[in-house]
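A look at the structure
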Amino acid sequence: AQSVTQLDSQVPVFEEAPVELRCNYSSSVSVYLFWYVQYPNQGLQLLLKYLSGSTLVKGINGFEAEFNKSQTSFHLRKPSVHISDTAEYFCAVSDRNNQGGKLIFGQGTELSVKP
Amino acid sequence: GAVVSQHPSRVICKSGTSVKIECRSLDFQATTMFWYRQFPKKSLMLMATSNEGSKATYEQGVEKDKFLINHASLTLSTLTVTSAHPEDSSFYICSASGGTVYEQYFGPGTRLTVT
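All of the points below concern the structure found in this document. (Residues numbered from 1 in each chain as written. Chains lettered and ligands numbered in written order. Predicted model: local features only at pLDDT ≥ 70, side-chain atom pairs only at ≥ 80, totals over all residues. Heavy atoms only, no water.)

Let us now look at the sheet that holds strand β8 (residues 76–81) of chain B. Residues and elements named next belong to chain B. What the four strands build is an open sheet, ordered β1-β3-β8-β7; its pairing is antiparallel. Sheet topology places β1 (4–7) and β7 (67–73) at the edges, where each strand pairs with a single neighbour. When strand polarity is set aside, the average angle formed by the axes of neighbouring strands in this sheet is 15 degrees. Across six bridges, strand β3 (residues 19–25) lies against β8 in antiparallel orientation. (Pairing = 2+ DSSP bridges. Helix = DSSP H or I, 4+ residues; strand = E, 2+ residues; numbered from the N terminus. Axes fitted to C-alpha atoms, helices over the stretch in contact; angles between N-to-C directions.)

Here's what the structure looks like:
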């Protein structure tokens, strides 16, 4: 079984500052890793995913994440945030060997960007 | 990109009635669809996984007789909340996959309020 822990429930940050949203996972099998963003009253949009290869993954809207296998982490970063980045962010994992594709989500991190 | 729609976006129903939520993949064939429930300020909880033409697989603790899922075609899955009660009020989100385990597209969600 897998589990995902997002270490910060809320992250307030000023506009144009850098931000890091932390995600750690636990799994006995190899996993795929994902970051999703959810704007109020909307569904989820994929920011980026790690499948294999380079551990540094670049996504949409200037976000990137680094897979660290030894620390079982997949932290999300952005060098300079905008007001429009204010949203809920979810880290998720899925079992590479489970062709059903079930996603296990973290608890979410609310990013609040202030002017 | 792949688009998933949900209908209705919002629904209010009286306690004891049933309500049906539709999830459609608009530009691809969804061999697998997933239904999630999201409580306010909380993460997504997977309710069930459905494969076209097969019975849905429900997660532990989800009442299959209360949350009826039908996946009759490769572009449509429905979730029917039977005999709804106020505690069923929630945000329901579907996602669809075309068969690749790491490609899952989310609908915009349906806000259900049971009075």
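Glancing now at the interface of chain B and chain A. A common measure of how large an interface is: the accessible area buried when the components associate. In this assembly, 21 residues from chain B lie in contact with 23 residues from chain A. Inspection of the region where chain B meets chain A yields one salt bridge. In this structure, Lys102(A) engages Glu59(B) in a salt bridge whose closest nitrogen and oxygen atoms are separated by 3.3 Å. Counting across the chain B and chain A interface gives five residue pairs in polar contact (both at pLDDT 80 or more). (Contact = heavy atoms within 4.5 Å. Salt bridge = Lys/Arg side-chain N within 4 Å of Asp/Glu carboxyl O. Polar contact = N/O pair within 3.5 Å; in protein donor to acceptor, adjacent residues only side chain to side chain.)

A few words on the state of the cysteines. Across all of its chains, the model carries two disulfides over all chains by this definition. Here Cys23(A) connects covalently by a disulfide to Cys91(A), the sulfurs 2.0 Å from one another. On the S-S bond that ties Cys23(A) to Cys91(A), the torsion sits near -65 degrees, and the link is left-handed. Highlighted residues: Cys23(A) in strand β4 (residues 23–26) and Cys91(A) in strand β10 (residues 87–95), separated in sequence by 68 residues. With respect to class, Cys23(A) is no different from Cys91(A); both count as buried. Disulfide pairing is shown between Cys23(B) and Cys94(B); the S-S distance is 2.0 Å. As the torsion about the S-S bond is roughly 80 degrees, the Cys23(B)-Cys94(B) disulfide counts as right-handed. Taken together, the residues Cys23(B) in strand β3 and Cys94(B) in strand β9 (residues 90–97) connect sequence positions 71 residues apart. For the pair Cys23(B) and Cys94(B), one class covers both residues: buried. Cysteine Cys13(B) remains unbridged, with the sulfur of Cys94(B) as its closest cysteine sulfur at 18 Å. (Disulfide = S-S within 2.5 Å. Buried < 20%, exposed > 50% of the residue type's maximum accessible area, 1.4 Å probe, protein only.)

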